[in-house]
Amino acid sequence: MKLYISKVILGIFLLFTPFIFAQNLTQNQFKVKGNCELCKERIETTAKKAGAKKADYSIDSQTLTLETEGVISTDDILKEIAKAGHDSEKFKASENDYNALPACCHYDRDQVVANENHHIHSKKENEFYVKGNCESCKARIEKAAKDAGADFAEWDAEKQTVILNFDAGKTSADKILKKIADVGHDNEKYKSSDSTYKNLPSCCLYDREIPFGEANPKVHLEENGQSEHTKNGIINTENQNEKAIEGVTITGGKASTSLSKKEAGLIFNIDKKELLKAACCNLSESFETNATVDVSFSNAVTGTKQLKMLGLDQKYTSLTKELLPEVRGLASAYGLSFIPGRWIESIQLTKGGSTVTNGYESITGQINTELLKNSEKPETSLNLFADFNGRTEANITSVSKIDDKWSQTFLLHGNGTFGDTDMNNDGFLDRPKGTQLNAAYLLNYNDLEKSGFGSHFGINFIKDERTAGQAGFDKKIPQNQQSLYGVGIDISRFQVWNKTGYVFKGKPYQSLGWMNQYTFHQQDSFFGLTNYSGKQQTYYSNLIFESILGNTNHKYKAGASFMYDGYDENYLIGNFKRNEIVPGAFAEYTLTGLKYTLVAGARVDFHNLAGTQFTPRLNFKYDITPQTIVRLSAGRGFRTANIFAESQQYFASNRNIQILENGGNIYGLKPEIAWNYGASLQQEFKLFGRKSTIVADFFRTDFQDQMMVDLDRSPQQLTFYNLEGKSFANSFQTQWDFIPFKNFDIRLAYKYYDVQADYLNGRREVPFMAKHRGFVNVAYSTNKNNNGGFWSFDTTLNIVGKQRLPDTSSNPEEFQLSSYSPSYAVLNAQISRNFNKKIRAYLGGENLTSYYQKNAIVDVKNPFGNYFDGGMVYAPIMKANFYIGLDVTF
């Protein structure tokens, strides 16, 4: 019997031995830094050698799960992992151990490693963890809580918690949290069903794997600098909470330089860091490191620059500032120089048709510039710039809070070009001399959280004077009293604008925004013996209402706009006056599904001179996978051409202007109308253990009506007429961004353009447009030291293929140009040193290959003769130019 009992006891002991030992096993999870599969293997192997029974490292979540038994210390394991080169939440690797890692394993050490078991904040008794992303989540969570009996409910996106007040006799925290889970939001007590979660709008699909208490990266680190919910109210930015109403941004936020994955359209966000990679003295130089926009000189006498996108001239791209019309009308030729680079907070670049809420003029896309708005701390910055050929510049920006609701920004810019730059020794200045004074004041009011109101006010004044032409020309002496050829351009510009918005109480998805702007622009100029002057007054107003249909899967915007343009132009002895009055209305619907977003909009505008115009636009995005995104777009746009202002690059020539009228009401011509269609594929993948992105897109623009600028009929004529036949532009671009190792960014791109039109003498390629273009941008920065100091190195190579040149065969042989220009390459580079967070110095060079167009001016020795022409520019007109600069923040 004793033997039997002993066997039973022994059997029971053996049966429970695995359980007993299992009870001695301990599982813990820790934050550990790493990049790639090599890191994973190293971390797991080191952990096991240090005594871990099991070790599983997740690259995506940057977490190491350890299973230990007995007296094995996790601290000892993490110490060994640190010795292997990997920082953890408890121990940091030495510099030597970190530097000894392979290049692909050099993770970002600047990001703080947080222990998921240590909550970001101390919870209150009535505070509970609830997951969500955006303002739609907030509205849904709070409504569910109140439906379940809560007297008060406030959900905080940053903390990922909801604070509840309720009568315990009527309901309970359990009931409320169960109701919140029922509408799709996981919380610390209940998990939502998979079907309910998947039916949430895409902007609300939070990461279900993030532990409670850990920050939601979709709230703080969204790749476009804003949260996923960017259209219906509150926007959370990387540095601060930014409140916005559609078209009415109240405070500034910092957007990253990237292609937005959330938007239905192909939208690139460019931030200040990208702009600092080059000289970026003004908006025309802000795209030197961007492959989408082509920047070119358009005149060898005035030295102006123009942008091109999708193979078409700048005039077909809507250029806005603060979502208000900016570079258009009489400002077309020189308006890019009116926005200093140091004033820019961010740029949003849209390829293809943009939203109908922003107007009817966009055909190839939209470029919107946001000015410096607000910062958490008062900040004043000074920028000084000078190049080695006599151009200097100074910028002062000051951003400060007045109180909790009011903030202000002072922006001051001044530049001067004083040296005579003539690198090709042809007797003509390669760029004009002159000065610009530019001042702006911005005032912001933000009380969206309490009263629901926010407002932004701005005022801007510009005085710009330029003198160009032959060296030695004296602007003070009338042109007809001196033998030297000169160009004089004097511009005065004044703007005042306001954007006011209201978010409806208890309805963060519903808002009303109203934008108003008045612009006065005057230009007085002469080009040799040709005089041109113009005055423009513009009033613009846009009212936008935004809400939902049932739920946030169905959103809509509706509104009305009004545009008044008053033009008074004088060319030679002719006077051209007109008033354009354009009331309009629009509506836009957004349908959001689990993997797709559809934005369909239309507007109708009643143009007093161009007639009633209907403008439909459609954008569709489908996420094949989270890393593979397809976009489609189609839309119509129309505009009225300002033939004199937009063609000033040809005024410095002997060409006589001829207008072949066809009964239209604007210079005797009809408006321009075009359709744009596009498709793109965005693919993300891991390379060298880091994110890599390839984007390929194709766009086609078909003109229904177009104002033709014909340079081929005669080298002595500039002829304007309406299109009879076809005009189209095909644009293909592929771009690859990747990071081979830490702090080293590479961007490669290739572009193909096929741009043709039916001129009076037959179908031809549009001149000055290269079919093939290549682009390489390489950027590297060192690690920051303890004072925040580091070095940055940036290089950009542009390869431009041959371009068709206007027909000059009727000129004498010595004044004839080839049918096509040669191909060429331009190299820009910059080195900058941040000594600390306050002081930065930089040195750079433009056109380091020193390629320049040697015959930039036809018949340069006889500027008053029949064959003189300064508008045949296809390449840079200056050799290598070097510059230095200094940034100081107070």
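Computed from a prediction, not measured in an experiment: that's the story for all the values here.

Cut-offs used in this document
- Residues numbered from 1 in each chain as written.
- Predicted model: local features only at pLDDT ≥ 70, side-chain atom pairs only at ≥ 80, totals over all residues.
- Heavy atoms only, no water.
- Helix = DSSP H or I, 4+ residues; strand = E, 2+ residues; numbered from the N terminus.
- Rg over C-alpha atoms; globule rule 2.2 N^0.38 Å.
- Buried < 20%, exposed > 50% of the residue type's maximum accessible area, 1.4 Å probe, protein only.
- Pairing = 2+ DSSP bridges.
- Axes fitted to C-alpha atoms, helices over the stretch in contact; angles between N-to-C directions.
- Salt bridge = Lys/Arg side-chain N within 4 Å of Asp/Glu carboxyl O.
- Expected span 1.5 Å × (residues − 1).
- Disulfide = S-S within 2.5 Å.
- Phe/Tyr/Trp six-rings, centres within 6.5 Å; stacked < 30°, edge-to-face > 60°.
- Lys NZ or Arg CZ within 6 Å of the ring centre and 35° of its normal.
- pLDDT = per-residue confidence, 0-100.
- Contact = heavy atoms within 4.5 Å.
- Core = buried A, V, L, I, M, F, W, Y, C linked by side-chain atoms within 4.5 Å.

(A) Structural view of the overall build of the chain. Looking only at helices and strands, the chain has 9 helices and 44 strands in total. For 890 residues, the compact-globule estimate of 2.2 N^0.38 gives 29 Å, and the C-alpha radius of gyration of the chain, at 31 Å, lies within 12% of that figure. Oriented by its inertia axes, the alpha-carbon framework of the chain measures out at about 130 × 60 × 50 Å. Among the 890 residues that make up the chain, the fraction classed as buried is 57%.

(B) Region of the structure containing the sheet that holds strand β36 (residues 717–722). If you trace the 3 strands from one edge of the open sheet to the other, you get β32-β36-β35, paired in mixed fashion. Only two strands of the sheet have a single partner each, and these edge strands are β32 (656–660) and β35 (707–710). The sheet shows a mean angle of 20° between the axes of neighbouring strands, direction not considered. Taken together, the 5 bridges between β32 and β36 define a ladder with parallel strand orientation.

(C) Main features of the pattern of salt bridges. Inspection of every chain in the model, using the stated rule, returns 49 salt bridges. Among the ionic pairs, E285 bridges to K305, the shortest N-O distance being 3.8 Å. On the criterion of sequence distance, the pair formed by E285 in the loop between α9 (272–275) and β12 (294–297) and K305 in strand β13 (residues 305–309) is long-range, its members being 20 residues apart. For K557, the salt bridge is made with E588, and the minimal N-O distance between the two is 3.6 Å.

(D) Fine view of helix α5 (residues 135–147). Taking 1.5 Å of rise per residue, the 13 residues of α5 would be expected to cover 18 Å, and the 18 Å separating its terminal C-alpha atoms lies within 8% of that figure. α5 sits mainly inside the fold: 10 of its 13 residues count as buried. The complete set of buried residues in α5 reads E135, S136, C137, K138, A139, R140, I141, E142, A144 and A145. Directly beyond the C-terminal end of α5, a positive phi value near 110° is found at G149.

(E) Structural view of the sheet that holds strand β10 (residues 258–259). Here we have 6 strands laid out as an open sheet, ordered β10-β11-β17-β18-β15-β16, and mixed in their pairing. Taken across any chain shown, the strands that pair with only one partner, and hence form the sheet edges, are β10 and β16 (324–325).

(F) Up close: the side chain of T889. By secondary structure assignment, the location of T889 is in strand β44 (residues 881–889). Residue class for T889 comes out buried when judged on its relative accessible area of 19%.

(G) Examining the state of the cysteines more closely. Within the structure shown, the criterion is met by 0 disulfides. With no disulfide of its own, C105 lies closest to C39 among cysteine sulfurs, the gap being 3.5 Å. With no disulfide of its own, C134 lies closest to C204 among cysteine sulfurs, the gap being 3.7 Å. Judged by relative accessible area, C134 falls into the buried class, the value being 3%.

(H) Inspection of the packing of aromatic side chains at higher detail. Tallying each qualifying case throughout the model produces 36 aromatic pairs. Here the aromatic rings of F453 and Y502 are separated by 4.7 Å at their centres, their planes lie at 45°, and the arrangement is tilted. Taken together, the residues F453 in strand β23 (residues 453–469) and Y502 in strand β24 (residues 486–503) connect sequence positions 49 residues apart. On the accessibility criterion, F453 (41% relative accessible area) is partly exposed. Through pairs of rings, three or more aromatic residues link up here, namely F527, Y532, Y571, F576, F644, F651 and Y667. Above the plane of the ring of F212 lies K131, whose end atom (NZ or CZ) is 5.1 Å from the centre. The lysine or arginine in question, K854, covers the ring of Y852, its NZ or CZ lying 4.8 Å from the ring centre.

(I) How the structure looks around unusual backbone geometry. At Q160, a position not held by glycine, the phi torsion is positive, near 60°. Positive phi outside glycine occurs at F768, with the angle close to 60°. In this structure, F768 sits in the loop between β39 (762–765) and β40 (772–781).

(J) Here's a closer look at the confidence of the model for the chain. Of all residues in the chain, 91% have pLDDT values of 70 or greater, and the mean over the chain is 88. Within the chain, the element-level pLDDT minimum falls on strand β7 (residues 234–236), averaging 30, and the maximum on strand β25 (residues 511–527), averaging 97. Note on residues 220–243: pLDDT under 50 across the span, and 97 contacts to partners over four residues away in sequence or across chains.

(K) Local environment of the nonpolar core. The biggest cluster of nonpolar side chains holds 46 residues, and the ones touching the most others in it are F527 and I643. Listed by contribution, the elements that provide at least two residues to this core are β23, β24, β27 (551–571), β35, β36 and β42 (824–834). Among the elements that take part in this core, β24 stands out by supplying 3 residues, more than any other. In this structure, F527 is in contact with T302, Y334, Y485, G486, V487, I489, Q648, F651 and A652, ignoring residues within four places of it in sequence. Grouped together as the second largest cluster of nonpolar side chains are 43 residues, V293, L307, L349 and M515 included.

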